[in-house]
Amino acid sequence: MSIRIGNAPCSWGVEFADDPRNPTWQTVLKECAGAGYKGIELGPVGFMPEDPAELGDALTAHELELIGGVVFQPYHDPAAWDKILDATHRTAKSLAAHGAKHMVLIDSISPRRAPTAGRVSEAEQMDKAEWTAFRERLAESARIGTEEYGLTVGIHAHAAGFMDFEPELERLLDEVDEKILKICFDTGHHSYAGFDPVAFMKRHIDRISYMHFKDIAPRVKADVIEKRTGFYDACGQGIFCKLGQGDVDFPAVRQVLLDAGFEGWCTVEQDIDPTLDVTPMADNQQNREYLESIGFN
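The notes below deal with the structure included here. Residue indices follow the written sequence of each chain, beginning from 1 at its first position. Totals for whole chains, interfaces and linings use all residues, but because this is a predicted model, local features are given only for residues with pLDDT of at least 70 and pairs of side-chain atoms are given and counted only at 80 or more. No hydrogens and no water enter the side-chain calculation; it runs on all heavy atoms of the structure.

1. Focus on the overall build of the protein
Threshold: Strands here are runs of E lasting at least two residues and helices are runs of H or I lasting at least four, both read from the DSSP assignment and numbered beginning at the N terminus. Only C-alpha atoms enter the radius of gyration; for comparison, a globular chain is expected to reach 2.2 Å times N to the power 0.38, where N is the number of residues. Note on classification: 1.4 Å probe, protein chains only; a residue is buried when its accessible area is under 20% of the maximum for its type, exposed when over 50%, partly exposed between these limits. Using a 1.4 Å probe, accessible areas were evaluated by the Shrake-Rupley method; residue-level cover was limited to the displayed protein chains. Think of it this way: Lys and Arg go in the positive column, Asp and Glu in the negative one, and His and the chain ends go nowhere. All charge positions are set by atom: Lys at NZ, Arg at CZ, Asp at CG, Glu at CD.
When helices and strands are counted, the protein shows 11 helices and 9 strands. For 297 residues, the compact-globule estimate of 2.2 N^0.38 gives 19 Å, and the protein sits close to it at 18 Å. Overall, the protein is about 50 × 45 × 40 Å in size when its C-alpha atoms are taken along their principal axes. The buried share of the protein, taken over its 297 residues, is 57%. Surface exposure of the protein reaches about 12100 Å², of which carbon and sulfur atoms provide 48%. The average position of the 29 basic charges and that of the 49 acidic charges among the side chains of the protein differ by 2 Å.

Rendered as structure tokens:
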């Protein structure tokens, strides 16, 4: 099984490029390499340098490969389309410049959906016209990434957005051509939404091009869903625990990948609040060691 394990800036608390709480991008690269990883994601557009020479030199210095990057934008908001397009092109350009393969599309958190994260039966649904426009915005970003930049584009379900629950994800997959849109499958967000990650993987492994490894603390999950806690507050409460300490069955995840002959990168993501007493480098070294202990080498 040719699987490589990478990491991402969100494991250092980097969700938005302009957040003053962020560590520096240099710190993230240094600590990612120090924790034993050989690959890293770009993070939100604008966090890492967009000058290919500057970032390329830093990646080389730390013996890191750029894996991919995320377009985390409000696809649910038609007024944000210019911003979404800008983020799509800038992310894709940066990825292509460094030979990275994976561009990931995520509908960012919506106030309309935030209170019902993890509550599929209560979540507000788009009407037909709104869904169609939403789908087409996602499809256009996917087309740009694949056809204009030669990337592999995956849709990523995310708590508190309009692409969150399994039925929404499967509906999108049915309606957008597989040639331009694959799946970046996040084990933790699928569990957060109330569905079985391993069962979904078994049904859709042929369309999964990229993996995000995230674990969920079940007691925290139950509490934040009951209390309708906001996503970032839930991160601060430790909903995303270290791998192997939550409810995701990673040995079973590994077996599905092994049975399918999956090859490529799987990226660890342990979203945290950077203002709390956290130790990202040590935690992510433990995450890597856990994956090695169950057969990911």
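Text resumes after the structure shown.
2. Considerations on the packing of aromatic side chains
When we look at a pair of aromatic rings, we describe it by the centre distance and by the angle of the planes. Heads up, the condition is: Working definition: rings of Phe, Tyr and Trp (its six-membered ring) pair if their centres are within 6.5 Å, and the pair is stacked with planes under 30 degrees apart, edge-to-face with planes over 60 apart, and tilted otherwise.
Per the counting criterion, the structure on display carries 11 aromatic pairs. Ring centres of Phe213 and Phe250 lie 5.5 Å apart, and the angle between their planes is 70°; this geometry places the pair in the edge-to-face category. Placement of the pair is Phe213 in strand β8 (residues 208-213) and Phe250 in helix α10 (residues 250-260), with a sequence separation of 37 residues. Phe250 matches Phe213 in its accessibility class, with the two residues each being buried.

3. Remarks on the layout of surface pockets
Our working definition: Think of a 1 Å grid over just the protein atoms. A cavity is a set of points where a 1.4 Å probe fits yet cannot get out, a pocket is an open set with protein on both sides within 12 Å along at least five of seven lines, and lining residues have an atom within 4 Å of a point. Grid points are joined across faces, edges and corners, and a volume is the space filled by probe spheres set on the points. Each residue gets one of three labels, nonpolar for Ala, Val, Leu, Ile, Met, Phe, Trp, Tyr, Cys and Pro, charged for Asp, Glu, Lys and Arg, and polar for the others, Gly among them.
Within this model, the largest pocket holds a volume of roughly 570 Å³. Around the largest pocket, the lining is made up of 31 residues, and of these Glu15, Phe16, Pro44, Phe72 and Gln73 lie nearest the centre. Elements with a contribution of two residues or more to the lining of the largest pocket: β4 (68-73) and α3 (81-97). Among the elements that line the lining of the largest pocket, the one with the most residues is α3, at 4 residues. Across the lining of the largest pocket, the residue classes break down as 15 nonpolar, 7 polar and 9 charged. By volume, the second largest pocket is sized at about 170 Å³.

4. What to know about unusual backbone geometry
Although it is not a glycine, Glu63 sits at a positive phi angle of roughly 55°. For Glu63, a relative accessible area of 58% corresponds to the exposed category. With a phi angle near 55°, Arg228 is a residue other than glycine that sits in the positive phi range. Positionally, Arg228 belongs in the loop between α8 (218-227) and α9 (231-236). The exposure class assigned to Arg228 is partly exposed, which follows from its relative accessible area of 39%.

5. What to know about the nonpolar core
The test is simple: As used here, the term nonpolar core means buried Ala, Val, Leu, Ile, Met, Phe, Trp, Tyr and Cys residues forming a set that is joined through side-chain atoms within 4.5 Å. Note on contacts: a residue pair is in contact if any heavy atoms of the two residues lie within 4.5 Å.
Core analysis: the biggest nonpolar cluster contains 70 residues, and Leu105, Met211, Phe213 and Leu257 have the highest contact counts within it. Broken down by element, this core gets its largest block of residues, 5 residues, from helix α4 (residues 128-148). Those residues within four positions of Phe213 in sequence are excluded, and the remaining contacts are Ile5, Thr187, Leu243, Phe250, Val253, Leu257, Cys266, Thr267, Val268, Glu269, Leu291 and Phe296. Formed by 15 residues, the second largest nonpolar core is a distinct cluster that contains Ala117, Val220, Ala234 and Cys235.

6. Points about the state of the cysteines
Note on terminology: disulfide describes a covalent bond linking the sulfur atoms of two cysteines. Formally: Disulfides are defined in this document as cysteine sulfur pairs within 2.5 Å.
For the structure on display, the rule yields 0 disulfides. Cys266 takes part in no disulfide bond, and the closest cysteine sulfur, belonging to Cys184, lies 9.6 Å away.

7. Some words on the pairing of strand β7 (residues 182-186)
Inclusion rule: DSSP calls a pair of strands paired once it identifies at least 2 bridges connecting them. The crossover handedness rule: strands pointing away from the viewer, path from first strand over the helix to second strand clockwise, crossover right-handed.
Where burial is concerned, most of β7 is hidden: 4 out of the 5 residues are buried. For strand β6 (residues 152-155) and β7, the ladder comprises 2 bridges, and the chain directions are parallel. Paired with Gly154 across the strands is Lys182, a residue of β7. The parallel pair β6 and β7, bridged by helix α5 (residues 166-175), forms a crossover whose chirality is right-handed. Strand direction decides the pairing type here: β7 and β8, joined by 4 bridges, are parallel. Directly across from Ile183, in β8, lies its bridge partner Ile208.

8. So, the pairing of strand β1 (residues 3-7)
β1 sits mainly inside the fold: 4 of its 5 residues count as buried. Here β1 pairs with strand β9 (residues 264-268) via 5 bridges, running parallel. Bridge assignment links Ile3 to a residue of β9, and that residue is Gly264.

9. Let's talk about the environment of Ala199
Within the element layout of this structure, Ala199 appears in helix α7 (residues 197-204). A residue is classified by how much of its surface remains accessible, and Ala199, at 28% relative accessible area, is partly exposed. Distance from Ala199 to Thr187, taken between C-alpha atoms, is 11 Å for residues 12 residues apart in sequence.

In short, the description is geometric, and any link to function would need to be established separately.
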